[in-house]
Amino acid sequence: MLIVESAERTSVILRRGKAFVKSPSHELRYDGKKVMILVHSTKKAFVGPSTVFGLQEALAQAGCNTDAYAFQVVARKNPMRRLLYGGMKVKQIGSVSLKGQECDLLEIANNEIRVTVAIRKKDKLIASETATYLTSGSESAGGSDRRISYDPFAAPASAFSIQAPRGYKVVKLK
């Protein structure tokens, strides 16, 4: 299980073409052919056919959004690729130990954003990411912080069930 800790704690479980994404506001369950998005505040279950690449559109129809890193993992894309755009320059700036894991520190930056990424040496997975948005080249205009952990948790089969829970109104996705 992948756990992304940012403004909204998100858990992701992947198993043989299936995905389960849980955040405080909603859950996404994908069985490889159909998706169900449970929106807890409205007690609605948005259900319809989808491919892994259509999951973000399904979330948009349900009025939800999920952490970009988690979505890169669900779509089986390299999460680092989303950071490398628009003249980004990459340099190694050191190393650090996070939760007992030795990590390389990288700085990825352009004129608009500076991202510091800690990459675990043992398996090359991202352990931490801090973004600072820049104004006039170097002044901070805010930022975000994300911690990522990996847990070999075995998900129950029900995590991928497309059966709406009791009390949820089913809404068909377009």
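Parameters and conventions
- Residues numbered from 1 in each chain as written.
- Predicted model: local features only at pLDDT ≥ 70, side-chain atom pairs only at ≥ 80, totals over all residues.
- Heavy atoms only, no water.
- Helix = DSSP H or I, 4+ residues; strand = E, 2+ residues; numbered from the N terminus.
- Buried < 20%, exposed > 50% of the residue type's maximum accessible area, 1.4 Å probe, protein only.
- Contact = heavy atoms within 4.5 Å.
- Areas by Shrake-Rupley, 256 points an atom, 1.4 Å probe, with all protein chains shown as cover.
- Core = buried A, V, L, I, M, F, W, Y, C linked by side-chain atoms within 4.5 Å.
- Pairing = 2+ DSSP bridges.
- Salt bridge = Lys/Arg side-chain N within 4 Å of Asp/Glu carboxyl O.
- pLDDT = per-residue confidence, 0-100.

1. Some thoughts on the overall build of the chain
Regarding its fold elements, the chain presents 2 helices and 12 strands. Going residue by residue from the N terminus, the α and β elements of the chain occur as β-β-β-β-β-β-α-α-β-β-β-β-β-β. Of all 174 residues assigned to the chain, the portion counted as buried reaches 42%. For the chain, the proportion of contacts with a sequence separation of at least 24, taken over those separated by at least 6, is 39%. In the form shown here, the chain has an accessible surface area of approximately 9,900 Å², with 51% of it arising from carbon and sulfur atoms.

2. Comments concerning unusual backbone geometry
With a phi close to 55°, Lys43 is a non-glycine residue in the positive phi region. Mapped onto the elements of the fold, Lys43 is located in the loop between β5 (34-39) and β6 (44-49). Take Lys43: its relative accessible area is 43%, and that puts it in the partly exposed class. Phi is positive for Lys99, close to 50°, though the residue is something other than glycine. Lys99 gets classed as exposed once you look at its relative accessible area, which sits at 72%.

3. Some remarks on the nonpolar core
Core analysis: the largest hydrophobic core is formed by 18 residues, its most contacted members being Leu28, Val35, Ile37 and Leu55. Secondary-structure elements contributing two or more residues to this core are β3 (18-22), β4 (26-30), β5, α1 (55-61) and α2 (68-74). Discounting chain neighbours no more than four positions away, the residues touching Val35 are Leu28, Arg29, Tyr30, Phe46, Val47, Gly48, Ser50, Leu55, Ala58, Ile162 and Leu173.

4. Focus: the pairing of strand β2 (residues 10-15)
The pairing of β2 with β3 spans 5 bridges and is antiparallel. The partner of Ile13 across the bridge, within β3, is Phe20.

5. Description of the pattern of salt bridges
As enumerated under the stated definition, the model contains 5 salt bridges in all. In this structure, Glu107 engages Lys91 in a salt bridge whose closest nitrogen and oxygen atoms are separated by 3.9 Å. With Glu107 in strand β8 (residues 101-109) and Lys91 in strand β7 (residues 89-98), the pair connects residues that are 16 residues apart, well separated along the chain. A relative accessible area of 48% places Lys91 in the partly exposed class. Residue Lys121 pairs with Asp104 through a salt bridge whose shortest N-O separation is 3.7 Å. Placement of the pair is Lys121 in the loop between β9 (113-120) and β10 (126-135) and Asp104 in strand β8, with a sequence separation of 17 residues.

6. A closer look at the confidence of the model for the chain
For the chain, the average pLDDT comes to 83, and 86% of its residues sit at 70 or higher. Of all the helices and strands in the chain, strand β1 (residues 2-5) carries the lowest mean pLDDT, 63, while strand β12 (residues 169-172) carries the highest, 97.

7. Remarks on the pairing of β7
As paired elements, β7 and β8 share 9 bridges and run antiparallel to each other. When the sheet's bridge partners are listed, Gly94 is paired in β8 with Leu105. Between β7 and β8, which pair antiparallel in sequence order, lie 2 residues; one of them, Lys99, sits at a positive phi of approximately 50°.

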